[in-house]
Amino acid sequence: MSLQLIGAGWGRTGTVSLRSALAILGYTPHHMSEVFAHPEQAELFVQAADDPAFDWQRIYADYTATLDWPGCAFWRELADAYPEAKVLLSVRDPAEWFDSYSGTIYRPVALGWTDDPTGSWNDMARRVIVERSLGGEPHDRRHVIDAFRRHNDAVRATIAPERLLVHRVDQGWKPLCEFLGQPVPDQPFPHLNTRGTWE
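Residues numbered from 1 in each chain as written. Predicted model: local features only at pLDDT ≥ 70, side-chain atom pairs only at ≥ 80, totals over all residues. Heavy atoms only, no water.

Moving on to the pattern of salt bridges. It is possible for side chains of opposite charge to pair when their charged atoms get near one another. Enumeration according to the criterion identifies 9 salt bridges in this entry. Between Glu-178 and Lys-174 there is a salt bridge whose closest N-O contact spans 2.7 Å. Residue Glu-178 and its partner Lys-174 are both found in helix H10 (residues 173-180); the two are separated by 4 residues, about one turn of the helix. With relative accessibility at 54%, the residue Glu-178 sits in the exposed group. For Lys-174, a relative accessible area of 53% gives the class exposed. Beyond isolated ion pairs, a larger network of salt bridges with shared partners links Asp-50, Asp-123, Arg-126, Arg-127 and Glu-131. (Salt bridge = Lys/Arg side-chain N within 4 Å of Asp/Glu carboxyl O. Helix = DSSP H or I, 4+ residues; strand = E, 2+ residues; numbered from the N terminus. Buried < 20%, exposed > 50% of the residue type's maximum accessible area, 1.4 Å probe, protein only.)

If you want it as structure tokens, here you go:
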């Protein structure tokens, strides 16, 4: 398989809902949950951070789409490595995004995941999320929101409009399916992993 869709949106922008939606549409999406299921991938993402010539098939051979971290931190590299793939930028209001981030993934990302016996996930989170995405500062609200805005602006400015969909999950199926050339499924768009249900 080869990547057909590159998710450039950060975690807490509806990526779990999009993972389910893409699976309904027949994709095999990669998401942070896959790194938990396959811990060896954490080390591969750290290697990718150090190697401009990294072979992305070492991670994505069995997937047709990416979402969430750690993949979204490498959106430029993936867009170059898979020139036929489309790019999906999932977005939300920056202040709302920060509140969701701080109430869920902030602690494991910024302070370390306590259930990481080898330390490989924490190393990956530090190198790929904290350093590469958040500019080394995962705590300060203004800094993190600015990093979020700069990331989204960079994706919009870099990816050709015909190759890019900027999507909010509350927009549902229609823009996503039109972008992917797929019929709209006869079921509600998934709405999963809200802050209140996050563990």
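A word on the environment of Gly-26. Structurally, Gly-26 can be placed in the loop between helix H1 (15-24) and strand E2 (29-30). Since its relative accessible area comes to 59%, Gly-26 is described here as exposed. Here the alpha-carbon distance between Gly-26 and Thr-118, two residues 92 residues apart in the chain, equals 34 Å.

This part covers the packing of aromatic side chains. The full count for this structure, using the stated rule, is 18 aromatic pairs. Measuring from ring centre to ring centre gives 5.5 Å for Trp-10 and Trp-97, while their planes differ by 55°; the resulting arrangement is tilted. Here the residue Trp-10 occupies a position in the loop between strand E1 (5-7) and H1, and Trp-97 occupies one in helix H6 (residues 94-103), the gap between them amounting to 87 residues. Accessibility classification places Trp-10 together with Trp-97 in one group, the buried group. The interplanar angle of 85° and the centroid separation of 6.4 Å between the aromatic rings of Tyr-60 and Tyr-63 together place this pair among those described as edge-to-face. Just as Tyr-60 is buried, Tyr-63 falls in that class too. An aromatic cluster is built from Trp-10, Trp-69, Trp-97, Phe-98, Tyr-101, Tyr-106 and Phe-148, whose rings are joined through pairwise contacts. (Phe/Tyr/Trp six-rings, centres within 6.5 Å; stacked < 30°, edge-to-face > 60°.)

Moving on, we come to the side chain of Asp-68. With respect to the helices and strands, Asp-68 occurs in the loop between strand E3 (65-66) and helix H5 (75-81). For the buried Asp-68, no salt bridge is present, and the opposite-charge side chain at shortest range is Arg-12, 7.3 Å distant. Within the structure, the side chain of Asp-68 is placed 2.8 Å from the side chain of Thr-15, a separation counted as a polar contact. (Lys, Arg positive; Asp, Glu negative; His and termini not counted. Polar contact = N/O pair within 3.5 Å; in protein donor to acceptor, adjacent residues only side chain to side chain.)

Moving on to the packing of H1 against H10. Taken N-terminus to C-terminus, the directions of H1 and H10 make an angle of 50°; their axes are 12 Å apart at the nearest point. With respect to H10, the axis of H1 lies oblique. Regarding H1 and H10, the two cross each other, and that crossing is right-handed. Residue-level contacts link Leu-18, Ala-21, Leu-22 and Ile-24 of H1 to Trp-173, Leu-176 and Leu-180 of H10. Looking at side-chain class alone, the contact of H1 with H10 contains 7 nonpolar, no polar and no charged residues. (Axes fitted to C-alpha atoms, helices over the stretch in contact; angles between N-to-C directions. Parallel < 35°, antiparallel > 145°, perpendicular 65-115°, else oblique. Left-handed = near helix turned anticlockwise from the far one by under 90°. Contact = heavy atoms within 4.5 Å. Nonpolar A, V, L, I, M, F, W, Y, C, P; charged D, E, K, R; others polar.)

This paragraph deals with the nonpolar core. If you look at the biggest cluster of nonpolar residues, it comprises 48 residues, and the most contacted ones within it are Phe-45, Trp-56, Tyr-60, Trp-69 and Met-124. Among the elements that take part in this core, helix H8 (residues 120-133) stands out by supplying 6 residues, more than any other. Apart from the residues lying within four places of it in its own chain, the contact partners of Trp-56 are Phe-45, Ala-48, Phe-74, Glu-77, Leu-78, Ala-81 and Tyr-82. The next biggest cluster of nonpolar side chains, apart from the first, holds 16 residues, and it includes Leu-18, Ala-21, Leu-165 and Leu-180. (Core = buried A, V, L, I, M, F, W, Y, C linked by side-chain atoms within 4.5 Å.)

Every buried residue belonging to helix H3 (residues 40-50) is among Gln-41, Ala-42, Leu-44, Phe-45, Val-46 and Ala-48, and all of these are buried. Elements that come into contact with the buried residues of H3 comprise E2, helix H2 (32-37), helix H4 (57-60) and H8.

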